[in-house]
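Below, each chain spelled out in residue letters.
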Amino acid sequence: MAVFHATAYAKINLALHVRNRRADGYHELETVFAFLDQGDSLWMEPADQFSLKVEGPFASNLEADDCTDNLIYRAARSFGDGTIPNVRFRLDKRLPIAAGLGGGSADAAAALRLLNDNYGAPVGSERLHAIAAELGADVPACIDSVAVVGRGTGTDLEPIKNDVSGLYCLLVNPNIAVATGPVFKAWDGVDRGPMPEGSAKTILLHDRNDLEPMALDMCPEIGEILARLAAANPIVSRMSGSGATCFALFDNADDLARTSKEFSRQYSGWWTMSGRLR
């Protein structure tokens, strides 16, 4: 029996601007999504009925007995237009929950890719992205998992010159979940201006994350992580999404390995992941 595999690539925000609070409760955003070549792993195989098994270091953070709220289940149901495909999914949950990495969104996108490539007739890229947009703001960007500009709630995607591909990346999280809703709710309502024009690297080097101060108030450990990362002299260190994960980008593997080893030795209670940007 064929078993198909996809990586649910970890998402980072190279920059993130919050422009205004919408009447529907969401926020108008400008961001550049980028993706690590590491993340959760998802397997799919034909079965008599749908099932989802979650394992891995962060499996206990997800509901084990009822999968109907899981984004993978919702992605499968949406792909089947309300009919649940007869497949068995197995998820190795390596990314922390509520971490600013789009883990659940990446899982849903990986499920959609697997279904589109290996179950029934493909729906095509436009339909796949439309399904993704119904599932969550980060899911459309996670379909292709390459650097892209996101506007609106994050679902309006625009291409960008991907000159960050290949950079070495260290992710660090204090093993503290930071819920997205409260961070956005704490935003002070000040529009600090548009995201600059240019390539992904140009924006990375000259920009910011507007949610960092609010997340820092809720999780002071973010400040310690950013200070430690900055001391390693990366190209850039910044918080991703609404936190609490922070990232540092390097030009070479030696600097990444040295910094990763130092964090693992001195901060064994913190979660780390290393890789390269896609």
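Our structure's up above, just so we're on the same page.
I will try to describe carefully the structure that is included in this document. Everything quoted here is computed from the prediction, not taken from an experiment.

### Describing the sheet that holds strand β9 (residues 246–250)
Right, on to step 1. Read from one edge to the other, the open sheet built from four strands follows the order β8-β9-β7-β10, with strand pairing classed as antiparallel. With one partner strand each, in any of the chains shown, β8 (236–239) and β10 (271–276) form the two edges of the open sheet. On average, each strand axis in the sheet is inclined to that of its neighbour by 15°, with strand direction left out of account.
Right, on to step 2. Pairing between β8 and β9: four bridges, direction antiparallel. For S237, the partnering residue across the bridge sits in β9 and is A248.
Right, on to step 3. Across the sheet, helix α9 (residues 253–266) lies against β7 (168–173), β9 and β10, angled at about 15° from β7, the strand it touches most.

### Overview of the packing of helix α1 (residues 71–79) against helix α3 (residues 125–135)
Right, on to step 1. Between α1 and α3, whose axes approach to 10 Å, the crossing angle comes to 135°. In terms of orientation, α1 and α3 fall into the oblique class. Note that α1 runs across α3; the crossing there is right-handed. Residue-level contacts link L71, R74, A75, S78 and F79 of α1 to R127, L128, I131, E134 and L135 of α3.
Right, on to step 2. Of the residues belonging to the contact of α1 with α3, the class tally is six nonpolar, one polar and three charged.

### Regarding α1
Right, on to step 1. Taken residue by residue, α1 has L71, I72, Y73, A75, A76 and F79 as its buried positions.
Right, on to step 2. Residues of α1 that are buried sit in contact with β2 (27–46), β3 (51–55), β4 (87–92), α2 (103–118) and α3.
Right, on to step 3. For α1, the capping residue at the N-terminal end is N70, with a side-chain oxygen 2.7 Å from the backbone nitrogen of I72.
Right, on to step 4. Two residues or fewer after α1 comes D81, characterised by a positive phi angle close to 55°.

### Digging into the nonpolar core
Right, on to step 1. Among the nonpolar cores identified, the biggest contains 36 residues, and L42, F50, F89, L112 and L135 are the most heavily contacted of them.
Right, on to step 2. Among the secondary structure elements, those contributing two or more residues to this core are β1 (4–21), β2, α1, β4, α2, α3 and α4 (139–144).
Right, on to step 3. When residues in this core are grouped by element, the largest group, eight residues, is from α2.
Right, on to step 4. The residues contacting L112, other than those within four sequence positions of it, are A75, F79, L128, I131, A132, L135 and I143.

### Notes on the environment of R151
Right, on to step 1. Summarising the element assignment, R151 is placed in strand β5 (residues 148–152).
Right, on to step 2. What makes R151 partly exposed here is its relative accessible area of 24%.
Right, on to step 3. Along the backbone, R151 and D251 are 100 residues apart, and their C-alpha atoms lie at a distance of 28 Å.
Right, on to step 4. Every residue in contact with R151, bar those within four places of it in the chain, is listed here: L29, E30, D156 and E158.

Definitions and cut-offs
Residues numbered from 1 in each chain as written. Predicted model: local features only at pLDDT ≥ 70, side-chain atom pairs only at ≥ 80, totals over all residues. Heavy atoms only, no water. Pairing = 2+ DSSP bridges. Helix = DSSP H or I, 4+ residues; strand = E, 2+ residues; numbered from the N terminus. Axes fitted to C-alpha atoms, helices over the stretch in contact; angles between N-to-C directions. Contact = heavy atoms within 4.5 Å. Parallel < 35°, antiparallel > 145°, perpendicular 65-115°, else oblique. Left-handed = near helix turned anticlockwise from the far one by under 90°. Nonpolar A, V, L, I, M, F, W, Y, C, P; charged D, E, K, R; others polar. Buried < 20%, exposed > 50% of the residue type's maximum accessible area, 1.4 Å probe, protein only. Polar contact = N/O pair within 3.5 Å; in protein donor to acceptor, adjacent residues only side chain to side chain. Core = buried A, V, L, I, M, F, W, Y, C linked by side-chain atoms within 4.5 Å.

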